[in-house]
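Survey of secondary and tertiary structure
Given next are the chains, with one letter for each unit.
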Amino acid sequence: METFSSRFIQTAEQRADNTAMTLLRPNGPERTTFGSMLSQIRSLAYRLSCEGIEFGDRVAIIGENHPNWAMAYLGILYRGAIAVPLDPAATVETLANFLENSEARLVFVSPTSFEKYQEVCEQLGNSIRAVSLQPIANPNGFASFADWTQTVRPAEFDSNPTPATGDDIALLIYTSGTTGVPKAVPLTHGNIYAEVEGVQEVMKISHREVILSLLPLFHAYSQIVNLWLATVIGAPVVYLNEVNSEEIARGLKEGGVTILTGVPRLWYLFHKKIFDSVRSQSRAVRSLFRALLATNGWLRDSLGINAGTLFFRKVHQAFGGRLKLAISAGSSFDAAVANDFHRLGFTILQGYGLTETAGAATVTRIEDNKVGSVGKPLNQVAVRIDEPNHEGIGEVLIRGPIVMAGYYQNQEANRKAFTADGWFRSGDLGLFDHDGHLYIVGRKKDVIILPSGKNVYPEDVESHYAKSPLVGEICVLGVRNGSDGFALSERLCAVVVPDFDYLKLNRIANAREPIRFDLDNLGRSLPEYQRVREYVVRAEALPRTATRKIRRFELQKQVEVGTNGESARDEGRFVFKREDRELLDSRAGQELCAAIARHVPQTRIHPEMNLELDLGLDSLARAECIASLEQNLSMKFDDTAVVEALTVADLLTLTNNATWTERSAELPPTITSHSSSEKDWSELLRNDRVTRDELSSVAAARSWTAFSAFLLLRVVYVLARVFLRLEVSGLENLKRLKAPFIVCPNHQSYLDPILLCALYPHRILRSIFHVGAREYWNNVVTRQVAKLLNIVPVDPDTNLMSAMRVGAAGLRAGKILNIYPEGERSFDGELHPFKKGAAILSTELQLPILPVAVDGVYKVWARKSRRVRLAKVKIRFGEPLYPQSFGGRNDELTAKLKIEIERMLMEMRQERL
């Protein structure tokens, strides 16, 4: 009977002079032919028998992708022993557990894992024999892989058949077992042979193709193409010296790669990079790109013509220029992303399966590549949906020669994994369309059950929200409601890691608010029950498995125990090096640490900490720290560059490159206390720090323009009374105040300032001014509106302190400032968190704040909508808040302001019922 080993031996002998493996070293490629590879594999197999490794003994491999890793693996199978590939990134405890459970008698180890392996042996109390996969200067007890592959073997060894049959175990692949009973999947030589035959029957890969080894080889998905298929068909595999974006690009180009296998996340990262680059182009380029996308999509779908390499030459060149086939496996693939790659001219086939099914159980066909599906079952493989619901969704069950017989020494897991009639339970939820294409909608255990009884499949929701260019990673969780009394009731929460490169490129200093704003906008196109309302933004990458799947349980546990999944401020995550301490001990480092300590006391600061996400500095606190550095070091930052400083180290590096004045030489070399950095806001908001243009824009008289605006806005008032049934109350609270003072409304729509100004008496309108984000007031129409309403455009993210100074300057000139403490529009009328800018101005200038509640305007002109609807609008002016009552406590004044507006909103809504 033919086996996998006999197949790859036959191919290697037939193509002995062809390249089997290429390692891209820094000084050039290192190639191994099939003939040389087979000879080394045979020497390894013979040496294993000489070293007492018997048929069926377990031999582990711990290391990164490398030609030697592949030869060790194939040599173990040739001998008839059982290969145990392990994740080199696993913890010492996990590796020790797996080695003990598998009873491994020998381990192949890469030099990068030596130290960890020795710790494993210490924990086990047993030193397992080891072979170094790569040459080392000091063997220190490790046998040499090169010596083993050059072992002289008897002539008859090569002619004898390999001892393993189809029923014999070839692999033990561990999927879990950090604690408790490990879960190992035993795959037989027959499982591998059936998988190779089934996949090759569908894909028909030629020996002329070149495959890039990117996914970790210890996982079954990578082994299918890089080890099983490549050796059976005689296709060369390119290995990278290390895995990073530069080396991947080099591998694709220099290796002449035509086939690339990756998990969905890899393709999402490629997609994001492509489309982020397009977004940065001019409107004309973006329009042309979209037109070419649509055109090529139509050509491929209607005429079978692929003009992708012509239309998107630069994109294809970035993938080496020869990539013909891309394969995605490991989890469901976002249909929109798959469709974009299709229209770009790439052919992406999707596979679905598990380690327990020797990899792929279903694959999309080139001739029937249904975008969004994971294809149809391989020949000889049966797939069905167990207990489908009204949508046809149920657990995916699989049966066939690719399915394992059962977990290794784990009867409890076997009982749960198989049905009474022998079908394997995948744990995935899916459905078939009318043409027999399978769609995976999520993991059964990951389904989020809402109080309404609705089921949410998080991967679908994540794919939608991941469209935001601000998002680097996202995980949607179902967090249990502790107070509703329902054990299964959950609410949606998204844990988000920003795309820091995009933040820097677009000069976004603080990520939380823009991310929440953007995701709220995206949520409007989802059904109500799928919208996320709670966001946790963190700097640390999401915990993932080796195949880049999110460890949801681990992340959910962090959220539910109260850490909210945010990056911890502990020393365990940040290791201090000598250069880190030197940076913080510098004069600038001490000044910055002192400034940060005013906002985040009792926190040990590390240079790698993100100012916002690790240290919790909001936009105002960040601006205050930057201003403190400027004052105490007598320097001036470039406004554009300082926005790109996201970490402590970024800001200190920028400090060294900033413009210094002569006064800096007079500063002492060290800071002995925090008092020297404690500059109050009165110093930061001085008028002499405001530019002449800014000052004239808020202090200039506007008699004629104010009167013209007043007449026009009276017309707006009448129209609002008629068509919006405008109701106004508490206006007397406004009229009895004398300028200067601060007006603080909640923010629901672009119409808010227009409707509010339509209510103001002429004396108020003549003195009112607004500080608005420049991005909304920079076209022909909005500039005229800004002039009418006396809106001073500023860039609050690039220079928030400037915006604060402009506001203070106008108030000192006797004007009335209209400021929105939310800083953004609410799309559903609910209040967003309030910033304390208004409270700071009120406290420093000892001016009252007038709270204003605006309701119903979000229904008239909603955020991210071009449609205007008629709806009832109510506006209520509250009692003024005086800073003297709060003793300079800005947080308390801000909280009281929000409470008052919230109370008025509730009263107006109750009146409507």
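Residues numbered from 1 in each chain as written. Predicted model: local features only at pLDDT ≥ 70, side-chain atom pairs only at ≥ 80, totals over all residues. Heavy atoms only, no water.

Re the overall build of the protein
The number of helices and strands found in the protein is 36 helices and 34 strands. Counting all 913 residues of the protein, 56% fall into the buried class. Sequence-distant contacts, at least 24 apart, represent 70% of the contacts inside the protein between residues at least 6 apart. For the protein, the accessible area works out to roughly 40100 Å², and carbon and sulfur atoms hold 51% of it. (Helix = DSSP H or I, 4+ residues; strand = E, 2+ residues; numbered from the N terminus. Buried < 20%, exposed > 50% of the residue type's maximum accessible area, 1.4 Å probe, protein only. Contact = heavy atoms within 4.5 Å. Areas by Shrake-Rupley, 256 points an atom, 1.4 Å probe, with all protein chains shown as cover.)

As for the sheet that holds strand E11 (residues 237–240)
Read across the open sheet, the nine strands follow the order E2-E1-E11-E10-E12-E13-E14-E15-E16; overall the sheet is mixed. Looking at the sheet topology across the chains shown, the edges are occupied by strand E2 (28–33) and strand E16 (376–377). Inspection of the sheet shows strand E10 (residues 211–213) paired to E11 by three bridges, in the parallel sense. Bridge pairing links Ile 211 to Val 237 in E11. Against the sheet, helix H2 (residues 34–50) touches strand E1 (19–25) and E2, its axis set at about 65 degrees to E2. The strands touched by helix H3 (residues 67–79) within the sheet are E1 and E11, with E1 carrying the most contacts at an inclination of about 145 degrees. (Pairing = 2+ DSSP bridges. Axes fitted to C-alpha atoms, helices over the stretch in contact; angles between N-to-C directions.)

Section: empty space enclosed by the protein
The tally for this structure, following the rule as stated, stands at four cavities of 30 Å³ or more. Quantified by volume, the second largest cavity comes out at close to 110 Å³. Together, Val 199, Met 203, Tyr 221, Ile 224, Val 225, Thr 261, Ile 327, Ala 329, Gly 351, Gly 359, Ala 360 and Val 363 line the second largest cavity. Mapped by element, the contributors of at least two residues to the lining of the second largest cavity are helix H8 (189–203), helix H9 (220–233) and strand E15 (359–363). Split by residue class, the lining of the second largest cavity holds nine nonpolar, three polar and no charged. (1 Å grid on protein atoms, 1.4 Å probe; cavity = no way out; pocket = protein on both sides within 12 Å on 5 of 7 lines; lining within 4 Å. Points joined across faces, edges and corners; volume = space filled by probe spheres on them. Nonpolar A, V, L, I, M, F, W, Y, C, P; charged D, E, K, R; others polar.)

Describing the sheet that holds strand E17 (residues 382–386)
Read across the sheet, four strands follow the order E17-E18-E19-E20 without closing on themselves; strand pairing throughout is antiparallel. Across the chains shown, the open sheet's two edge strands, defined by having one partner strand only, are E17 and strand E20 (438–443). Going across the sheet, the axis of each strand differs from the next one's by a mean of 50 degrees, ignoring polarity.

Quick look at the nonpolar core
Grouped together as the largest cluster of nonpolar side chains are 89 residues, with contacts concentrated most on Phe 4, Tyr 73, Phe 108, Leu 171, Trp 228 and Ile 398. Listed in part, the 36 residues of the second largest apolar core include Ala 709, Phe 741, Leu 789 and Ile 791. (Core = buried A, V, L, I, M, F, W, Y, C linked by side-chain atoms within 4.5 Å.)

Quick look at a nonpolar patch on the surface
On the surface, Val 715, Val 718, Leu 719, Val 722, Phe 723 and Leu 870 cluster together to form a nonpolar patch covering roughly 590 Å² of accessible area. As for its placement among the helices and strands, Phe 723 is situated in helix H28 (residues 703–723). For Phe 723, a relative accessible area of 48% corresponds to the partly exposed category. (Patch = residues over 30% accessible without salt bridge, like charges linked within 9 Å, V, L, I, M, F, W, Y side chains within 5 Å. Salt bridge = Lys/Arg side-chain N within 4 Å of Asp/Glu carboxyl O.)

Some points on the side chain of Asp 428
Mapped onto the fold, Asp 428 is located in strand E19 (residues 424–432). Within the structure, the side chain of Asp 428 is placed 3.0 Å from the side chain of Arg 443, a separation counted as a polar contact. Apart from residues no more than four positions distant in its own chain, Asp 428 is found in contact with Tyr 352, Leu 354, Gly 394, Glu 395, Val 396, Ile 440, Gly 442, Arg 443 and Lys 444. (Polar contact = N/O pair within 3.5 Å; in protein donor to acceptor, adjacent residues only side chain to side chain.)

Description of a negative patch on the surface
On the surface, Glu 93, Glu 115, Glu 119 and Glu 122 cluster together into a patch of negative charge. Broken down by element, the residue count for the negative patch peaks at three residues, all from helix H5 (residues 114–124). (Lys, Arg positive; Asp, Glu negative; His and termini not counted. Charge placed at Lys NZ, Arg CZ, Asp CG, Glu CD.)

Comments concerning the packing of aromatic side chains
Overall, the coordinates contain 19 aromatic pairs when judged by the stated rule. A centroid spacing of 5.9 Å and a plane angle of 80 degrees characterise the contact between Trp 267 and Phe 341, whose relative ring orientation is edge-to-face. Remark: Phe 341 occurs in helix H15 (residues 335–344) and Trp 267 occurs in helix H11 (residues 264–279); sequence separation between them is 74 residues. Aromatic rings pair up to connect Trp 267, Phe 270, Phe 319, Phe 341 and Phe 346 into one cluster. In this structure, Arg 825 packs its charged tip against the face of Tyr 750, placed 3.9 Å from the ring centre. (Phe/Tyr/Trp six-rings, centres within 6.5 Å; stacked < 30°, edge-to-face > 60°. Lys NZ or Arg CZ within 6 Å of the ring centre and 35° of its normal.)

Focus on the packing of helix H21 (residues 578–585) against helix H22 (residues 587–597)
Working note: a packed helix pair is described by the angle between its axes plus the distance between those axes. At a minimum axis distance of 4 Å, the contact between H21 and H22 shows a crossing angle of 75 degrees. By the criterion of interaxial angle, the relationship of H21 to H22 is roughly perpendicular. Together, Leu 583, Leu 584 and Asp 585 of H21 and Arg 587, Gly 589, Gln 590 and Cys 593 of H22 make up the contact between the two elements. Of the residues in the contact of H21 with H22, the class split is three nonpolar, two polar and two charged. (Parallel < 35°, antiparallel > 145°, perpendicular 65-115°, else oblique.)

Considerations on the packing of H8 against H9
At a minimum axis distance of 10 Å, the contact between H8 and H9 shows a crossing angle of 80 degrees. When the axis of H8 is compared with that of H9, the two are roughly perpendicular. Where H8 approaches H9, its residues Ile 192, Glu 195, Val 196, Val 199 and Gln 200 are matched on the opposing element by Ile 224, Trp 228, Leu 229, Val 232 and Ile 233. The class makeup of the residues in the contact of H8 with H9 is eight nonpolar, one polar and one charged.

Some words on the pairing of E19
Moving residue by residue along a regular strand, the side chains alternate between the two faces of the sheet. Pairing of strand E18 (residues 394–399) with E19, which is carried by four bridges, proceeds in the antiparallel orientation. Bridge assignment links Ile 398 to a residue of E19, and that residue is Phe 424. As defined by bridge partners, E19 adjoins E20 across five bridges and the pair is classed as antiparallel. The residue bridging Asp 428 from the neighbouring strand is Arg 443, located in E20.

Considering the confidence of the model for the protein
Averaged over every residue, the pLDDT of the protein is 86; the share at 70 or more is 90%. Taken as a whole, residues 483–488 scores under 50 in pLDDT and shows five contacts with residues more than four places along the chain or in a different chain. Every residue in residues 661–679 scores below 50 in pLDDT, and together they form 29 contacts with partners more than four places removed in sequence or on other chains. (pLDDT = per-residue confidence, 0-100.)

Observations regarding the pattern of salt bridges
The final tally for this structure, using the stated rule, is 49 salt bridges. Here Arg 425 makes a salt bridge to Asp 386, at a shortest N to O gap of 3.3 Å. Placement of Arg 425 in strand E19 and of Asp 386 in strand E17 is noted, with a sequence separation of 39 residues between them. The class for Arg 425 is partly exposed, based on a relative accessible area of 28%. Here Arg 598 ties to Glu 624 by a salt bridge, and the two come within 3.4 Å at their closest N and O atoms. Here Glu 624 lies in helix H23 (residues 619–632) and Arg 598 lies in the loop between H22 and H23, a separation of 26 residues in the sequence. Residue classification places Arg 598 among the partly exposed positions, given a relative accessible area of 34%. Among the ionic contacts, a cluster of salt bridges with common partners joins Arg 384, Asp 386, Glu 395, Arg 425 and Lys 444.

Topic: the environment of Phe 707
Mapped onto the fold, Phe 707 is located in helix H28. For the pair Phe 707 and His 762, spaced 55 residues apart in sequence, the C-alpha separation works out to 7.1 Å.

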